[in-house]
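Spelled out from the first residue to the last, the chains are:
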Amino acid sequence: MCCRGLFNCCWQLCVSVICAGLFVLLYWAIFQPHHIRATVASAALSNLTVVSNEVSYSLAVSLSLYNPSVRVNIYYDTIGAELRFRDAVLGPAATGASPSEFYQRRKTSDDVKLDFDYVRSGVAVGSDVAGELEKEMRSGSPLSLELDVELRVRYVFRIFKLRQKPRIWCSLSIPVKAEGRGPGVGGAVAPRDRCRVKY
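Residues numbered from 1 in each chain as written. Predicted model: local features only at pLDDT ≥ 70, side-chain atom pairs only at ≥ 80, totals over all residues. Heavy atoms only, no water.

Visitor: Is there a simple way to think about the environment of Ala 94 in this case?
Guide: Along the chain, Ala 94 falls in the loop between β4 (88-92) and β5 (97-98). Relative accessible area serves as the criterion here: at 40%, Ala 94 is assigned to the partly exposed category. With residues up to four places along the chain from it excluded, the contact list for Ala 94 reads Asp 115, Phe 116, Asp 117 and Tyr 118. (Helix = DSSP H or I, 4+ residues; strand = E, 2+ residues; numbered from the N terminus. Buried < 20%, exposed > 50% of the residue type's maximum accessible area, 1.4 Å probe, protein only. Contact = heavy atoms within 4.5 Å.)

Laid out in structure tokens, this is it:
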């Protein structure tokens, strides 16, 4: 009796594993959701100043999102972004993303606008971060910033839906120069290499 019960238990486990494997195989064969591809289409920085431990700036980013899936459409439910300098947060997207949510068909690309407006109300940072940022601004080399974007999406194929939370990292290397007579610097970047996307 003990052996028969053990055999039945093992048999049920094997059947469950095989069924799960077939389901996953069938899912990938039909559904085939591919990872989103992201590229910075453009980025314009202006009025960047560092006073004491406060950073003021304005940054407008156009992020291009591409759905490479052959059969799957995507709902973008939420889009949130932060700007970073050497792991220090220089603020979230001040006015959110535009559009904040949208529907993307397969094999199509859409641009999302991200605005960081901290000219009037600056962002407080540590003294070491402020010093490093000032040093990089005066070095004559491009300013290295990182765009961190968090998404909540739904992959949709007919009755099937899959929720995911991909995260996008984009490196911005912005050549900056003085703007007019004020202390601020600014610059822009053209379309760059693809951003990193992690699920």
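Once you've had a look at it, read on.
Visitor: I keep staring at the environment of Thr 78 and nothing clicks. Help me out?
Guide: In this structure, Thr 78 sits in strand β3 (residues 73-85). Apart from the residues lying within four places of it in its own chain, the contact partners of Thr 78 are Ser 100, Glu 150, Leu 151 and Arg 152.

Visitor: Help me understand the sheet that holds strand β12 (residues 185-189), please; the structure alone is not making it clear to me.
Guide: Hydrogen bonds between backbone groups are what pair the strands of a sheet, and the pairing can be parallel or antiparallel. Strand order in the open sheet formed by six strands is β5-β7-β2-β1-β12-β11, and the pairing between neighbours is antiparallel. In this open sheet, the two strands that pair with only one neighbour each are β5 and β11 (177-178). With two bridges connecting them, β11 and β12 associate as antiparallel partners. Among the inter-strand pairings, Lys 177 is bridged to a residue of β12, identified as Gly 186. Docked against the sheet, helix α2 (residues 127-138) engages β1 (37-51), β2 (54-67) and β12, running at close to 100 degrees with respect to β1. (Pairing = 2+ DSSP bridges. Axes fitted to C-alpha atoms, helices over the stretch in contact; angles between N-to-C directions.)

Visitor: How should I be thinking about the nonpolar core in this particular structure?
Guide: Most often, soluble globular proteins keep nonpolar side chains buried together rather than apart. Residues Tyr 57, Leu 59, Leu 63, Leu 65, Leu 114, Phe 116 and Val 149 are the most contacted members of the largest nonpolar core, which totals 51 residues. Counting residues per element, this core draws most heavily on strand β8 (residues 143-157), which supplies eight residues. Among residues more than four places away in sequence, those in contact with Leu 59 are Ala 43, Ala 44, Leu 45, Leu 83, Leu 114, Asp 115, Phe 116, Leu 172 and Ile 174. (Core = buried A, V, L, I, M, F, W, Y, C linked by side-chain atoms within 4.5 Å.)

Visitor: What is the right way to read the environment of Leu 114 from this model?
Guide: Tracing the backbone shows Leu 114 in strand β7 (residues 108-124). In this structure, the C-alpha to C-alpha distance between Leu 114 and Ala 93, residues 21 residues apart in sequence, is 6.1 Å. Excluding residues within four positions of it along the chain, Leu 114 makes contact with Leu 59, Ala 60, Val 61, Leu 63, Ala 81, Gly 96, Ala 97, Leu 147 and Val 149.

Visitor: Can you walk me through empty space enclosed by the protein in this structure?
Guide: Which parts of space are left empty comes out when a probe the size of a water molecule is rolled across the atoms. Taken as a whole, this structure holds one cavity of 30 Å³ or more when the rule is applied. Roughly 30 Å³ of internal volume is contained in the largest cavity. The wall of the largest cavity is formed by Leu 45, Leu 48, Val 55, Tyr 57, Leu 90, Leu 143 and Leu 145. Elements with a minimum of two residues in the lining of the largest cavity: β1, β2 and β8. Residues belonging to the lining of the largest cavity are distributed by class as follows: seven nonpolar, no polar and no charged. (1 Å grid on protein atoms, 1.4 Å probe; cavity = no way out; pocket = protein on both sides within 12 Å on 5 of 7 lines; lining within 4 Å. Points joined across faces, edges and corners; volume = space filled by probe spheres on them. Nonpolar A, V, L, I, M, F, W, Y, C, P; charged D, E, K, R; others polar.)

Visitor: Even after reading the chapter, I still don't get the pattern of salt bridges, so can you show me in this structure?
Guide: Pairs can form between side chains of opposite charge once their charged atoms are near each other. Per the stated rule, a full pass over the model turns up nine salt bridges. For Arg 154, the salt bridge is made with Asp 77, and the minimal N-O distance between the two is 2.9 Å. Of the two residues, Arg 154 is situated in strand β8 and Asp 77 in strand β3; the sequence distance between them amounts to 77 residues. For Asp 77, a relative accessible area of 23% puts it in the partly exposed group. Taking the shortest distance from any N to any O, the salt bridge between Glu 136 and Arg 86 comes out at 2.8 Å. Of this pair, Glu 136 sits in helix α2 while Arg 86 sits in the loop between β3 and β4, and the two are 50 residues apart along the sequence. (Salt bridge = Lys/Arg side-chain N within 4 Å of Asp/Glu carboxyl O.)

Visitor: Looking at this structure, I do not really get α2. What am I missing?
Guide: In this model, α2 (12 residues) spans 17 Å end to end at C-alpha, consistent with the 16 Å of a helix rising 1.5 Å per residue. Along α2, the residues classified as buried are Val 129, Ala 130, Leu 133, Glu 136 and Met 137. Projected onto a plane normal to the axis of α2, the buried residues spread over an arc of 130 degrees and lie on a single side. Exposed and oriented more than 90 degrees from the buried face of α2 are Ser 127, Asp 128, Lys 135 and Arg 138. (Expected span 1.5 Å × (residues − 1). Arc of directions from axis to C-beta.)

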